[in-house]
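Each chain is listed here by its residues.
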Amino acid sequence: MRGLIDKKGEQFAYVEGAALYTLDGELTGRIKGDFVIDLAGNKVWRIVGDGVYSLDSMETIGFFSGEKQEQG
């Protein structure tokens, strides 16, 4: 699991495999190649390394945290 962290340093989503979830555990999108896509298959954000950016202006959305092991 990797967190998706906003520009303020706060986690607002997380990724398990290729699936993107809200902090409430609701599936909201997927990682496909270098993009975050929504549930309808539309590109939402661009991924460059660990950074996440808007499609048009390359404005920073946030970044992915390091891999975390789930607590069981």
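Note that the coordinates shown come from a computational prediction; the quantities given were computed from them, not determined experimentally. (Residues numbered from 1 in each chain as written. Predicted model: local features only at pLDDT ≥ 70, side-chain atom pairs only at ≥ 80, totals over all residues. Heavy atoms only, no water.)

*Asks:* I'd like a description of the nonpolar core, backed by residues and values.
*Replies:* Core analysis: the largest hydrophobic core is formed by 10 residues, namely Leu4, Ala13, Val15, Leu20, Val36, Trp45, Ile47, Val52, Ile61 and Phe64. Those elements that place two or more of their residues in this core are β2 (11-16), β6 (43-48) and β8 (60-64). Here Ile47 is in contact with Ile31, Asp34, Phe35, Val36 and Phe64, once residues within four sequence places are set aside. (Core = buried A, V, L, I, M, F, W, Y, C linked by side-chain atoms within 4.5 Å. Buried < 20%, exposed > 50% of the residue type's maximum accessible area, 1.4 Å probe, protein only. Helix = DSSP H or I, 4+ residues; strand = E, 2+ residues; numbered from the N terminus. Contact = heavy atoms within 4.5 Å.)

*Asks:* Could you give an account of the pairing of strand β7 (residues 51-54), with specific residues and numbers?
*Replies:* Summarising the sheet, β6 and β7 pair through four bridges and their orientation is antiparallel. Within β7, the residue paired with Val48 across the bridge is Gly51. The antiparallel pairing of β6 with β7 creates a hairpin that spans two residues between the two strands, and Gly49 there sits at a positive phi of about 65 degrees. Two strands pair when backbone bridges link them, and β7 and β8 are joined in this way by three bridges, in the antiparallel orientation. Note that in β8 the partner of Tyr53 across the bridge is Thr60. (Pairing = 2+ DSSP bridges.)

*Asks:* Talk me through the packing of aromatic side chains; I want residue IDs and the actual numbers.
*Replies:* Overall, the coordinates contain two aromatic pairs when judged by the stated rule. Consider the rings of Tyr14 and Tyr21, whose centres lie 5.3 Å apart with planes at 20 degrees: the pair is stacked. (Phe/Tyr/Trp six-rings, centres within 6.5 Å; stacked < 30°, edge-to-face > 60°.)

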